[in-house]
Amino acid sequence: MTDLLIGLALLAASACGGTTATETSATGKTIDKASTTETVSSMVKPGIEVLRDQGFAPLKGKRVGLITNPTGIDNSLVPTIDILAKAPDVRLVALFAPEHGVRGDHVAGETVGNSTDPATGIPVYSLHGRTRKPTPEMLRDIDVLVYDIQDIGCRSYTFISTMGLAMKAASENGKEFMVLDRPNPLGGYKVEGNILEKGRESFVGQFPIPYIYGLTPGELASYLHNQGLAGSPDSKLSVIKMEGWRRDMTFSDTGMPWVLPSPQIPYPATAFLYPATGIMGELDYVSIGVGYTIPFGLTGAPWIDAQKLAERLTALDIPGVEFRPLHFKPYFGIFKIRNIGGIQIYITDPAEAPLTLIQFYIMQELASMYPAHKAFASATSERLRMFDMVCGSAKPRELFSRSYRVDDMKDFWTKGAEEFRNNTVPYYLYE
């Protein structure tokens, strides 16, 4: 959890804003203003701050529609909505709500309705209900559609589906599309998982990309645009790049404040845990910590011997990850009010850890320990369908369930990842 601790420390430092003169520390040493403001000045600048530094020139005189949520902020936590609403010679005329809503007032999966933003009086159009792609009527009175959302770098996270569908709509209706870029919290090198199969498109997997795709929102938009996967390559796309971001950075390296992109991603470190257990969570046969204090960071059930499971997983010597036995009582869910045993997951080396395979190793060991509790044995058809949708193919489940061994599905799961990485290098905006 070093990543999390560093992130919290940097956030605290940025919130303090430095000192205004020399001060004396608790140890009696003199602290210089320059040294205490270093963290603030070295923050990565998100696209909205770079746009503001440009005097909003790319949006001058234009009617703007904005797709955003609470993560669309500057480094002082001011929402992009409010920044653009007050920007000189910029007319913010419409807001578009992804999952959770523009102000974050909707729970996961909940339908978001059309409304009016109470702070600005601007109409809000829902993109997470019956309508997921902006309609011509929604776009009629805008010139440019702007996207500003912090993503977590995983294909099943619905914001990139919203972005891609909005790009298609903008292309089809002759509108410009602009991405205000933000970091990929997993860094810019990690690519894992099979390519989504044709015919498997859904809102949790809209495009033929790996589960972890190693691109920022702006880079992904550029790739989709130029490949003709999100509208015509001849349509107008612009990306307002960040300043100061490097591909080897996790989010906590950026010095930027973290606003949870959804209720169960409370910290930057959770972004590394989501791909480690989230796919398994679709089966609903073990707790993965959602609704507890460590969302996506554990595996537990009343029938699990915590110590034995921890020992078996540790013996696999999976690079970059460690496990410890855990006993807890969930607040809600399938095991509410029951004491359960399991393991807590520690990502000790994010670059080396095979994040998406961790859950398959867990299911492997549980199937060996408890044959009556094999992962797919009691899953409903709807759960199995969702599992396949998130995987982007039925093959991982079919291969794994032959003998519940990771080795049976590993080659398929890693197929295409390296080729995708190589194919997307030309779209890198940052080194």
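This section reports on the structure supplied with the text. (Residues numbered from 1 in each chain as written. Predicted model: local features only at pLDDT ≥ 70, side-chain atom pairs only at ≥ 80, totals over all residues. Heavy atoms only, no water.)

Focus: the packing of aromatic side chains
Per the stated rule, a full pass over the model turns up 18 aromatic pairs. With 5.3 Å between their ring centres and 85° between their planes, Trp-245 and Tyr-430 make a pair best called edge-to-face. One end of the pair, Trp-245, is in the loop between β9 (237–240) and α9 (270–281); the other, Tyr-430, is in the segment after α15 (417–424), with 185 residues separating them in the sequence. For the residue pair Trp-245 and Tyr-430, the accessibility class agrees, reading buried in each case. Where Phe-376 meets Tyr-404, the ring centres are 5.8 Å apart and the plane angle is 35°; that geometry is what we call tilted. Of the two residues, Phe-376 is situated in the loop between α11 (355–369) and α12 (381–391) and Tyr-404 in the loop between α13 (395–400) and α14 (410–414); the sequence distance between them amounts to 28 residues. Given a relative accessible area of 10%, Phe-376 falls into the buried group. Tyr-404 gets classed as buried once you look at its relative accessible area, which sits at 8%. One aromatic cluster is present, built from ring pairs that chain together Phe-360, Phe-376, Phe-387, Phe-400, Tyr-404 and Trp-413. The aromatic ring of Tyr-430 is capped on one face by Lys-241, whose charged end is 5.5 Å from the ring centroid. (Phe/Tyr/Trp six-rings, centres within 6.5 Å; stacked < 30°, edge-to-face > 60°. Helix = DSSP H or I, 4+ residues; strand = E, 2+ residues; numbered from the N terminus. Buried < 20%, exposed > 50% of the residue type's maximum accessible area, 1.4 Å probe, protein only. Lys NZ or Arg CZ within 6 Å of the ring centre and 35° of its normal.)

Some details on unusual backbone geometry
The phi angle at Leu-77 is positive, at roughly 70°, despite the residue not being glycine. Looking at the secondary structure, you find Leu-77 in the loop between β3 (63–68) and α5 (80–86). Of note, the phi angle at Tyr-404 is positive, near 55°, even though the residue is not glycine.

Some thoughts on the environment of Thr-356
With respect to the helices and strands, Thr-356 occurs in helix α11. Here Glu-192 takes part through its side chain, which lies 2.6 Å from a polar atom of the side chain of Thr-356. (Polar contact = N/O pair within 3.5 Å; in protein donor to acceptor, adjacent residues only side chain to side chain.)

A few points about the packing of α9 against α11
Two numbers describe how α9 lies on α11: the axes approach to 7 Å, and their chain directions differ by 40°. Between α9 and α11, the crossing angle belongs to the class labelled oblique. Crossing of α9 against α11: the hand is right-handed. From α9, Phe-272, Pro-275, Ala-276, Thr-277, Gly-278, Ile-279 and Met-280 reach across to α11, where they touch Leu-355, Thr-356, Ile-358, Gln-359, Ile-362 and Met-363. Residues of the contact of α9 with α11, tallied by class, amount to nine nonpolar, four polar and no charged. (Axes fitted to C-alpha atoms, helices over the stretch in contact; angles between N-to-C directions. Parallel < 35°, antiparallel > 145°, perpendicular 65-115°, else oblique. Left-handed = near helix turned anticlockwise from the far one by under 90°. Contact = heavy atoms within 4.5 Å. Nonpolar A, V, L, I, M, F, W, Y, C, P; charged D, E, K, R; others polar.)

What about the packing of helix α7 (residues 159–172) against helix α8 (residues 217–226)?
The interhelical angle for the contact between α7 and α8, taken along N-to-C directions, is 45°, at an axis separation of 11 Å. The pairing of α7 with α8 is recorded here as oblique in orientation. Crossing of α7 against α8: the hand is right-handed. Contact residues: Ile-160, Met-163 and Met-167 in α7; Pro-217, Leu-220, Ala-221 and His-225 in α8. Classifying every residue of the contact of α7 with α8 gives six nonpolar, one polar and no charged.

Digging into the environment of Pro-134
For Pro-134, the location among the structural elements is in the loop between β6 (123–126) and α6 (136–139). Classification of Pro-134 by relative accessible area gives buried; the value is 3%. Here the alpha-carbon distance between Pro-134 and Asn-173, two residues 39 residues apart in the chain, equals 9.9 Å. For Pro-134, the residues in contact, after removing those within four places along its chain, are Phe-96, Leu-127, Leu-139, Leu-145, Leu-165, Ala-166 and Ala-169.

Let's talk about helix α10 (residues 306–315)
Within the sequence span of α10, burial applies to Ala-306, Leu-309, Ala-310 and Leu-313. The arc enclosing the buried residues of α10, seen along the axis, measures out at 100°, which places them on a common side. Exposed and facing more than 90 degrees away from the buried side of α10 are Lys-308 and Ala-315. Packed against the buried residues of α10 are β11 (321–328), β12 (340–347) and α11. A positive backbone phi angle near 55° is found at Asp-317, which sits one or two residues after α10. (Arc of directions from axis to C-beta.)

As for the sheet that holds strand β10 (residues 298–301)
Read across the open sheet, the three strands follow the order β10-β12-β11; overall the sheet is antiparallel. Each having just a single partner strand, β10 and β11 make up the two edges of the open sheet. On average, adjacent strands in this sheet sit at an angle of 20° to one another, irrespective of strand direction. Where β10 and β12 come together, four bridges link them in antiparallel fashion. (Pairing = 2+ DSSP bridges.)

Examining the side chain of Ser-161
With respect to the helices and strands, the residue Ser-161 is situated in helix α7. By relative accessible area, Ser-161 is classed as buried at 1%. Beyond its immediate stretch of four places on either side in the chain, Ser-161 contacts Ser-202, Phe-203, Gly-205, Gln-206 and Phe-207.

Here we look at the sheet that holds β6
Spatial strand order, β5-β6-β4-β3-β7-β8-β9: seven strands in an open sheet with mixed pairing. Each end of this open sheet is capped by a strand with a single partner; those strands are β5 (115–116) and β9. Bridge count between β3 and strand β7 (residues 144–148): five bridges; the pairing is parallel. Note that in β7 the partner of Ile-67 across the bridge is Tyr-147. Against the sheet, α7 contacts β3, β7, β8 (176–180) and β9, and its axis sits at roughly 155° relative to β8.

Structural measurements only, silent on function.
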